[in-house]
Structures are given as structure tokens and as C-alpha cells.
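# Topology and contacts: notes
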Amino acid sequence: DVKVTQSSRYLVKRTGEKVFLECVQDMDHENMFWYRQDPGLGLRLIYFSYDVKMKEKGDIPEGYSVSREKKERFSLILESASTNQTSMYLCASSLIPGQRATSTDTQYFGPGTRLTVL
Amino acid sequence: ELKVEQNPLFLSMQEGKNYTIYCNYSTTSDRLYWYRQDPGKSLESLFVLLSNGAVKQEGRLMASLDTKARLSTLHITAAVHDLSATYFCAVASLAGTASKLTFGTGTRLQVTL
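Residues numbered from 1 in each chain as written. Chains lettered and ligands numbered in written order. Predicted model: local features only at pLDDT ≥ 70, side-chain atom pairs only at ≥ 80, totals over all residues. Heavy atoms only, no water.

## Let's talk about the pattern of salt bridges
A side chain of one charge can pair with a side chain of the opposite charge when the charged atoms of the two come close. By the definition in use, this model includes ten salt bridges over all chains. One salt bridge connects Asp-28 of chain A with Lys-71 of chain A, and the closest N-O pair in it is separated by 2.8 Å. Separated by 43 residues along the polypeptide, Asp-28 of chain A in the loop between β3 (19-25) and β4 (31-38) and Lys-71 of chain A in the loop between β7 (64-70) and β8 (73-78) bring together distant segments of the chain. Glu-1 of chain B is the partner of Lys-3 of chain B in a salt bridge, and the nearest nitrogen-oxygen pair spans 3.7 Å. Because the salt bridges share partners, they merge into one network encompassing Asp-28, Glu-30 and Lys-71 of chain A. (Salt bridge = Lys/Arg side-chain N within 4 Å of Asp/Glu carboxyl O. Helix = DSSP H or I, 4+ residues; strand = E, 2+ residues; numbered from the N terminus.)

Dropping the structure here:
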């Protein structure tokens with residue numbers, strides 16, 4: 001089974017703090033993603049990475065950065081947390097489309113980190 | 001910009017009834033995904049629809065894709081309480097070698113006795 005783990009389920013930080021959210025996957029997936037989920041807005045893509053040290057902006061990258069030093073680990077960084085970054089953060093991973101026989105590029109999600117910024 | 005609309009946003013239905021959730025999207029794509037999310041939990045993959053006319057079924061859920069109409073449906077047959085959850089559709093667009101998913105806002109399904 002694919003396993004995607006996130007470092008914390010719940011996190012409370014203060015405005016202005018630097019926040020690190022860690023995500024690890026154990027299925028040798030090339031692609032990794034960070035989303036935030038807010039009521040009524042669904043999931044919105046923050047950043048994604050298709051290879052080690054490679055990153056691409058998603059739909060809402062402002063206020064965030066990412067790091068991917070190893071294939072299995074993808075970190076989301078809030079340089080200076082603000083209250084409007086209070087949200088549920090979900091990490092996901094996937095294969096490259098068609099890379100392995102019968103595989104799809106379904107994204108597999110971690111359990112989520114609920115971040116509150118006070 | 002790809003937009004994905006789901007309706008209804010909220011659905012309350014009685015056990016044993018049938019209903020359909022609709023997912024419309026704005027630009028061409030040949031891959032669409034359905035996910036389920038239980039309260040306080042993460043997303044679980046239900047279906048991957050890879051071509052026009054694709055139909056997948058699992059238990060009381062059946063998903064279909066019409067790429068020409070840019071429409072996918074998730075049909076629920078004889079609902080049971082265990083199906084209560086939020087259902088998301090997501091449409092894929094390629095960005096390099098990664099598939100970016102754009103999600104709908106979700107349909108919260110409540111099945112009552």
C-alpha cells in the first residue's frame with residue numbers, strides 16, 4: 001500500500017513564525033504535491049515537484065516555499081506565518097503518467113496537517 | 001484556466017434512494033478522478049476515468065466520463081449510511097511530467113435512515 005505521512009496532525013503557531021510542514025512517501029513516486037483545503041473552496045494546489053530539487057508553482061504559491069532534497073521527502077515552508085494561512089494542508093504523491101505498466105497517475109494523499117496561526 | 005464545478009454542494013438523501021452528483025469542467029482533459037473524504041480524514045481515491053465513455057463501478061457507486069460534454073457523473077444506487085462523506089472530482093492537466101489536479105469544491109453527502 002502507498003503510504004504518505006505528514007509530520008504533524010495538528011499544529012499551532014504564532015503570526016510571523018517560520019513553519020515547516022514535512023511530507024514523506026514510501027512508494028518511490030516522482031511527483032509530490034502540497035494542497036490547502038478550506039471550507040467551500042475545495043483543494044487548491046500550492047506547489048508541486050516532479051523530481052528531486054525541482055519545483056513548480058501551483059495556483060496559490062504566495063507566502064509559501066518548498067524544498068525537495070530527497071525523492072521521498074517534500075517540505076512546505078511558511079516563511080512568516082499569517083492568520084490567513086490557517087488551514088488544512090494535504091500532501092500527495094503520484095507516479096509519472098504511464099511510467100509503469102497498468103499504473104495511473106492517481107494522487108495518494110497523506111492524513112493532513114491542521115495548522116492554526118494565532 | 002481550468003475550472004471544475006460540482007453540484008450539488010450538499011445532498012441529503014434517504015437510505016435506499018438513488019442520486020447523481022455532477023462534475024463539469026471548462027477545458028479539454030481526458031483524465032478525471034473521484035475521491036472520497038470522511039470527516040477529519042484525508043482523501044481516498046475512488047475512481048480514475050481515463051477516456052471518453054469510461055465507466056467504472058464499485059459497489060453502489062458508478063462513475064462515468066463524457067469528455068465531449070466535459071462532464072462526469074457519480075451515481076449512487078440504493079444509498080446506505082456508510083456512503084455519507086464528501087465526494088470530490090478532480091480534472092487532470094499535464095505540467096511537465098506531473099499531472100496537476102484541479103478539484104471541484106466537493107459534494108457533502110448525508111444519507112439518513
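## Some remarks on the interface of chain B and chain A
Listed by partner, the interface residues are 21 residues for chain B and 23 residues for chain A. Summing the contributions of chain B and of chain A, the shared interface buries around 1,700 Å²; its carbon and sulfur component is 57%. Our count for the chain B to chain A interface comes out at one salt bridge. One salt bridge connects Lys-100 of chain B with Asp-59 of chain A, and the closest N-O pair in it is separated by 3.6 Å. (Contact = heavy atoms within 4.5 Å. Buried area = accessible area lost by both parts, 1.4 Å probe.)

## Quick word on the state of the cysteines
Cysteine pairs can be linked by a disulfide, which is a covalent bond between their two sulfur atoms. For the structure on display, the rule yields two disulfides over all chains. Between the sulfur atoms of Cys-23 of chain A and its disulfide partner Cys-91 of chain A the distance amounts to 1.8 Å. On the sign convention where negative means left-handed, the S-S torsion of about -75° between Cys-23 of chain A and Cys-91 of chain A marks this disulfide as left-handed. Placement of Cys-23 of chain A in strand β3 and of Cys-91 of chain A in strand β9 (residues 87-94) is noted, with a sequence separation of 68 residues between them. Look at Cys-91 of chain A and you get buried, because its relative accessible area is 0%. Between the sulfur of Cys-23 of chain B and that of Cys-89 of chain B lies a disulfide, 2.0 Å long from S to S. The sign of the S-S torsion, about 80°, decides the handedness of the disulfide formed by Cys-23 of chain B and Cys-89 of chain B: right-handed. Residue Cys-23 of chain B is located in strand β3 (residues 19-25), and its partner Cys-89 of chain B is located in strand β9 (residues 85-95); the two are separated by 66 residues in the primary sequence. For the residue pair Cys-23 of chain B and Cys-89 of chain B, the accessibility class agrees, reading buried in each case. (Disulfide = S-S within 2.5 Å. Buried < 20%, exposed > 50% of the residue type's maximum accessible area, 1.4 Å probe, protein only.)

## Points about the nonpolar core
All names here are of chain B. Core analysis: the biggest nonpolar cluster contains 25 residues, and Leu-32, Trp-34, Leu-74, Ile-76, Tyr-87 and Leu-109 have the highest contact counts within it. Those elements giving two or more residues to this core turn out to be β2 (10-14), β3, β4 (32-37), β5 (43-49), β7 (61-66), β8 (71-76), β9 and β11 (107-112). Here this core takes four residues from β9, the largest share from any one element. In this structure, Leu-109 is in contact with Leu-11, Met-13, Ile-76, Leu-83, Ser-84, Ala-85 and Tyr-87, ignoring residues within four places of it in sequence. (Core = buried A, V, L, I, M, F, W, Y, C linked by side-chain atoms within 4.5 Å.)

## Thoughts on unusual backbone geometry
A cis amide bond links Asn-7 of chain B to the next residue, Pro-8 of chain B, at an omega of 0°. Tracing the chain through its elements places Pro-8 of chain B in the loop between β1 (4-7) and β2. The backbone of Asp-28 of chain A shows a phi angle near 60°, a positive value even though the residue is not glycine. Unlike most non-glycine residues, Lys-53 of chain A shows phi in positive territory, near 65°. Along the chain, Lys-53 of chain A falls in the loop between β5 (42-49) and β6 (56-57). In this structure Lys-53 of chain A comes out as exposed when scored by relative accessible area, which is 56%.

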